[in-house]
Amino acid sequence: MLVTAPFAGPVSFPLLVARELGEEQINLKNSCETNEIGDIVLDSITNIAKLKVKGYKIVAGVYIDMYSILGNKNSTRIYTIRAGTLADINARLYAKYTNKEVINTDAETAVKKSEEGYLVIVGIEVKIGEKLEDELARLGLRTPSCVMYSKVDPTNLLKIYEKGINIIREDPKNSARVISSLSKYYTLNVMENIIEHYNHRLTINFHELKKSIEVYSQIVPSVSDLQLGFS
């Protein structure tokens with residue numbers, strides 16, 4: 001069984017540490033480096049919607065606190081990173097319910113804009129601020145933004161994922177080392193500073209997964225084509 005996930009994305013982190021520190025045997029490949037589609041795929045729900053594969057269903061969701069909201073919440077402009085990223089999609093979701101305009105830029109410019117009195121949404125690896133996820137919860141929009149998409153029985157991988165979450169909580173220092181090394185994106189110093197902020201939580205609750213489809217299809221209509229339930 002092949003599992004694919006973006007190693008630079010926080011959704012992969014529990015599997016990386018479960019394999020490296022928990023000694024779990026997983027055929028896990030980095031979707032940032034391969035065109036293969038796993039029997040089970042982990043990614044943002046909006047990236048999953050782009051796959052257009054048959055026989056797969058969403059079998060789990062992952063809550064992750066990965067975004068900061070910076071600057072002035074009364075600003076009518078939201079600056080965030082490039083269009084199509086999960087940060088951008090979350091910014092557009094927030095903007096839809098708060099009557100704001102989204103402007104895409106690079107992370108460094110976005111942070112500068114927060115200091116100029118604008119509202120900014122960036123990953124916590126850029127800067128730690130208030131949790132965007134708390135703001136979405138206040139609006140009734142808090143839902144898993146990342147999912148597990150499967151054409152096989154995911155039961156064993158769900159257990160491994162939970163094990164990885166527990167390892168991150170119990171041993172954040174070594175977990176940060178593993179993630180920094182394998183992601184090829186985060187420096188060790190950055191990962192050590194942010195790893196305990198992610199607060200991964202796995203859910204297989206049907207209503208929570210259905211809500212994820214309902215919420216994100218407002219911004220990416222193709223999300224509504226995704227199906228739920230164990231294959």
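Refer to the structure printed above.
As a starting point, this report considers the structure included with it. (Residues numbered from 1 in each chain as written. Predicted model: local features only at pLDDT ≥ 70, side-chain atom pairs only at ≥ 80, totals over all residues. Heavy atoms only, no water.)

## A word on the sheet that holds strand 10 (residues 146–150)
Step number 1: Within the open sheet, the six strands sit side by side as 2-1-3-10-4-11. Their pairing is mixed. This sheet does not close on itself; its edge strands, each paired only once, are strand 2 (27–30) and strand 11 (201–203). The sheet shows a mean angle of 25 degrees between the axes of neighbouring strands, direction not considered.
Step number 2: Pairing geometry for strand 3 (residues 40–44) and strand 10, over five bridges, is antiparallel. Among the inter-strand pairings, L42 is bridged to a residue of strand 10, identified as M148.
Step number 3: Running over the sheet, helix 6 (residues 155–170) touches strand 1 (2–5), strand 3, strand 4 (57–63), strand 10 and strand 11 and is turned about 160 degrees from strand 11. (Pairing = 2+ DSSP bridges. Helix = DSSP H or I, 4+ residues; strand = E, 2+ residues; numbered from the N terminus. Axes fitted to C-alpha atoms, helices over the stretch in contact; angles between N-to-C directions. Contact = heavy atoms within 4.5 Å.)

## Examining the sheet that holds strand 7 (residues 101–104)
Step number 1: Read across the open sheet, the five strands follow the order 7-6-8-5-9; overall the sheet is mixed. The two strands at the open ends of the sheet, each matched to only one other strand, are strand 7 and strand 9 (130–131).
Step number 2: Summarising the sheet, strand 5 (residues 67–71) and strand 8 (residues 119–123) pair through five bridges and their orientation is antiparallel. When the bridges of strand 8 are listed, I69 appears paired with I121.
Step number 3: Strand contacts of helix 4 (residues 107–115): strand 5, strand 6 (77–80) and strand 8, with the helix running at about 145 degrees to strand 8, the strand carrying the most contacts.

## Some details on the pairing of strand 6
Within a regular strand, the side chains alternate between the two sheet faces.
Step number 1: Relative to strand 7, strand 6 is paired through four bridges, and the arrangement is parallel. Paired with R77 across the two strands is E101, which belongs to strand 7.
Step number 2: Handedness of the strand 6-helix 3 (residues 86–98)-strand 7 crossover: right-handed.
Step number 3: Looking at chain direction, strand 6 and strand 8 are connected through three bridges and run parallel. Across the sheet, the residue bridging to I78 is L119, located in strand 8. (Right-handed = clockwise from strand over helix to strand, strands pointing away.)

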